[in-house]
Amino acid sequence: MSTKAQNERILFGLKVKQLRQQLSMSFADLSEKAGMSVSYLNEIEKGKKYPKGEKIQTLAQALNVTPAALASSDVDEGLAPIHDLLQSNFLNELPLERFGIDLAKVVEIIAGAPSQVGAFISTLLELSRNYALRQEHFYFGALRSYLELNNNYFEELETAAENFTTSNQITAIQPFSGEQLRNILEEKYDYIISENGLDRYPELQHLRSLFIPKRKELLLSSKLSAIQRSFEYGKELGFQFMHIKERAYTSSILRGRSFEEVLNHSKAIYFSVAVHLPLQSIIQDLEQFFKLQTWDGAAFQAIMLKYDATPEMFYHRLTNILPRFFGIRKLFFLRFVHDPIKATFDVDKELHLNHKHHPHGNGIYEHYCRRWVSIALLQELFELKQSGKPSELLVKAQISNYLNTADQYLCITLARPSYPSPNKNVSVTIGLLIDDELRSKVLFLNDPAIPAREVHTTCERCPIENCVERAAEPVIAQKKQQFQLIQERLNKLLG
């Protein structure tokens, strides 16, 4: 059913409800007067049914209005905010059905206090304009919430990956060759693979791949490593094997056209990761790693190298597996990009499971706490390169104690040069909240060799004094302290 028809049903139902209440009529009263069942009238008011011509006439007569007035899209000031909201298509852009939410029910709730909620929605829209938030920001935000609600584990995608490897006789010996995936794309799905295909287009150099559906050609960047090419092959196989039609054709989504497209892109990524890092095998590897009595960064790195995975692939798999199979549900993932030329550190990917954890991205240009291992390792990587000792990969663990809270996290970070943009560096971090569950699972947690640091969110909000790593003055913390002093003085003066 079209969005327009749905909106018409919702608005019609709200008008019926408004008119009925203005006449102080119960459902039973209207049922008797209009000759319609209470259940049918209830479905009309909830926007689930739209009566035909004859019934509109009968209903209008019972409500003391003309049929034209009842059926028109004109509303009085009481329903004006709802009308404007439906016309803006704001709610229809949100993937409510993915969260089991009925649009008509949302509108019914909003209709309970249309003026107040209308002002609230207008404020949200104004904020989105002020901060240049585009439609896809809502999609990506909704995707993160969807992944978090499901602990980033999807049985149907695990099954699809397992069925694919079994049916195509992908070897269980790790790592397998990406050429196996390329051959399946070419032989089974008639793909044309052009490994240097993107090199002809200077404006597309930031992309890793581009699929041209009309000729089934996959253009790749020549700067990709073997595993990055294999990962792109895995994504394409995910789209094909799972019969996904609504999809983006670029390696990363430049501008999401719909939530379904953004979600499907995420599914293809999950599929490729699951194919490259088989579930049971990596569970066994992690079990052995967590039994170590002391922290061993080389052993952690060795698990990733066993599957010839990128740090992003490896950490994606950790977020799939740890909540479901190890009971480690309170965790976060952050990816930082360091641009040495601009001297900036930006979060471009994040995930928070169980609840929103302290370290998180911000869109207000504040300076992230330099005490985080995520940033410290990026700075170390840059300094090594400057001294003529470049490193391909650094790994480090840290116990992060968040200031003025009882929260502690075991943070494990991998940092590497960015590909295909080696002038930048990237770090990925998984943070595991330290509680009794984690202590029982991770035996090296109390290793004194793991440094512990007191950290905060951003420099602007951090009251830690004499911090040598500080990148900006604590202006927000100072304002907060000043406001508290004002409040204390007012409380004393006013009794």
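Our structure is the block above this text.
Residues numbered from 1 in each chain as written. Predicted model: local features only at pLDDT ≥ 70, side-chain atom pairs only at ≥ 80, totals over all residues. Heavy atoms only, no water.

Chemist: Explanation requested: the pairing of strand 8 (residues 425-433) in the structure shown.
Modeler: Successive side chains on a regular strand alternate, one facing one side of the sheet and the next facing the other. Burial within strand 8 is extensive, with nine of its nine residues counted as buried. Inspection of the sheet shows strand 4 (residues 331-339) paired to strand 8 by eight bridges, in the antiparallel sense. The residue bridging Arg335 from the neighbouring strand is Val428, located in strand 8. As paired elements, strand 7 (residues 408-417) and strand 8 share nine bridges and run antiparallel to each other. Looking across to strand 8, one finds that Pro417 is bridged to Asn425. (Buried < 20%, exposed > 50% of the residue type's maximum accessible area, 1.4 Å probe, protein only. Helix = DSSP H or I, 4+ residues; strand = E, 2+ residues; numbered from the N terminus. Pairing = 2+ DSSP bridges.)

Chemist: Would you explain the sheet that holds strand 8 in this entry?
Modeler: Two strands in a sheet stick together by hydrogen bonds in their backbones, pointing the same way (parallel) or opposite ways (antiparallel). Spatial strand order, 5-4-8-7-6-9: six strands in an open sheet with mixed pairing. The outermost strands of the open sheet, each flanked by one partner alone, are strand 5 (344-353) and strand 9 (452-455). Adjacent strand axes in the sheet meet at a mean angle of 30° when their direction is disregarded. Pairing of strand 6 (residues 394-402) with strand 7, which is carried by eight bridges, proceeds in the antiparallel orientation. Residue pairing across strands places Leu394 opposite Ala415, the latter belonging to strand 7. Of the strands in this sheet, strand 4, strand 5, strand 7 and strand 8 are in contact with helix 16 (residues 311-326), which crosses strand 8 at around 15°. (Axes fitted to C-alpha atoms, helices over the stretch in contact; angles between N-to-C directions. Contact = heavy atoms within 4.5 Å.)

Chemist: It is not clear to me how the pattern of salt bridges should be interpreted in this structure. Could you clarify?
Modeler: Two side chains of opposite charge can pair, provided their charged atoms sit close to one another. One pass over the structure, following the stated rule, counts 18 salt bridges. When the shortest N-O distance is used, the salt bridge between Glu232 and Lys235 registers 3.6 Å. A residue pair is termed a helical-turn pair when its members lie 3 or 4 positions apart in one helix, as Glu232 and Lys235 do in helix 12 (residues 226-241) at three residues. Each member of the pair, Glu232 as well as Lys235, is classed as buried. Salt bridges sharing partners connect three or more residues here, namely Glu312, Arg335, Asp348 and Arg416. (Salt bridge = Lys/Arg side-chain N within 4 Å of Asp/Glu carboxyl O.)

Keep in mind that these numbers describe shape and distance, not what the molecule does.
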